[in-house]
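Understanding the architecture of this molecule
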Amino acid sequence: MIRCADGHFYDPAKHHACPWCPKPSEAAPLIPGGKTVPLRPAAPDPPLAGQAAMAMPSTPTPVGGKTVPLMRGSGKVEPVVGWLVCIEGPDRGQDFRLHAAKNFVGRSPAMDVSIPGDESVSRDRHAVVTFEPKRGSFWLAPGEASGLVYCNGEVVHSPMEIRAGDVMEVGQSQLVLVAFVREGFRWDA
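These lines cover the structure that appears in this document, whether it is placed above or below. The structure presented is a predicted model; accordingly, all values stated were derived computationally and were not measured. (Residues numbered from 1 in each chain as written. Predicted model: local features only at pLDDT ≥ 70, side-chain atom pairs only at ≥ 80, totals over all residues. Heavy atoms only, no water.)

**Some words on the packing of aromatic side chains**
For the coordinates displayed, the defined rule picks out two aromatic pairs. Judged by centre distance (5.8 Å) and plane angle (75°), the ring pair of Trp-83 and Phe-180 falls under edge-to-face. Of the two residues, Trp-83 sits in strand β7 (residues 82-88) while Phe-180 sits in the segment after β17 (173-179), which places them 97 residues apart along the sequence. Considering the side-chain rings of Phe-131 and Phe-138, the 4.9 Å spacing of their centres and the 55° angle between planes classify their relative orientation as tilted. Considered together, Phe-131 and Phe-138 belong to a single accessibility category, that of buried residues. The ring of Phe-104 has Arg-125 lying over it, and the distance from NZ or CZ to the ring centre is 4.0 Å. (Phe/Tyr/Trp six-rings, centres within 6.5 Å; stacked < 30°, edge-to-face > 60°. Helix = DSSP H or I, 4+ residues; strand = E, 2+ residues; numbered from the N terminus. Buried < 20%, exposed > 50% of the residue type's maximum accessible area, 1.4 Å probe, protein only. Lys NZ or Arg CZ within 6 Å of the ring centre and 35° of its normal.)

**Remarks on unusual backbone geometry**
Positive phi outside glycine occurs at Ala-101, with the angle close to 80°. Along the chain, the position of Ala-101 falls in strand β9 (residues 101-106). Note on Ala-101: relative accessible area 41%, which makes it partly exposed.

**With respect to the environment of Glu-132**
Mapped onto the elements, Glu-132 comes out in strand β11 (residues 127-132). What makes Glu-132 partly exposed here is its relative accessible area of 24%. C-alpha of Glu-132 to C-alpha of His-99: the two residues are 33 residues apart in sequence and 9.9 Å apart in space. Once you skip the residues sitting within four places of it in the chain, Glu-132 turns out to touch Ser-137 and Trp-139. (Contact = heavy atoms within 4.5 Å.)

**Points about the environment of Gly-7**
For Gly-7, the position within the fold is in the loop between β1 (2-3) and β2 (9-10). Residue classification places Gly-7 among the partly exposed positions, given a relative accessible area of 24%. Gly-7 sits 14 residues away from Cys-21 along the chain, and the two C-alpha atoms are 9.7 Å apart.

**Looking at the sheet that holds β11**
Read from one edge to the other, the open sheet built from five strands follows the order β10-β9-β11-β12-β15, with strand pairing classed as mixed. Every interior strand has two partners, whereas the edge strands, β10 (113-114) and β15 (160-162), have only one. In the sheet, β9 pairs with β11 via five bridges, with the strands oriented antiparallel. When the bridges of β11 are listed, Lys-102 appears paired with Thr-130. (Pairing = 2+ DSSP bridges.)

**Brief notes about the pairing of strand β8 (residues 95-98)**
As paired elements, β7 and β8 share four bridges and run antiparallel to each other. Bridge pairing in β8 places Trp-83 opposite Arg-97. Taking the residues that link successive antiparallel strands as the turn, the β7-β8 hairpin has six residues, and the phi of Gly-89 there is positive, at about 120°.

Here it is, written out as structure tokens:
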């Protein structure tokens, strides 16, 4: 994996250029400040000769520093249930979309919540944030990695319910939970 000038990770064996950055034909004219505005998310390059087509990703796809709705095997968009917002650490100001069920947190782009800028976050499964749709509750649990997870300054040893405004810490990053699904609103109602 390599990183493009805009900070996106991609595999040069599969793509000639960053598949997440807009191609020149997909960008609008320059706006004040010298930036271009993508007209639509860039489509990944077709597979190189001898390679099979890639399946749809199982994690959110980064586009212009944001994530787009996730489509699972059924082809349906998974509705957002909340966000984690980085309030401290290398990715400060970045938001991370949460979906129903388990959201794995780590540095890898394959994680549901990918925190690539914090080298002290384990690559895979540092923590798990789960949204339980029947009760409409959020849960935080340590992952399978060796790194510790904290909630509101206390170490998390086993799954614990978390609420909007709670702050979780992984590595050098602090992430606050912003709930979208809450009392008075549910996707299944």
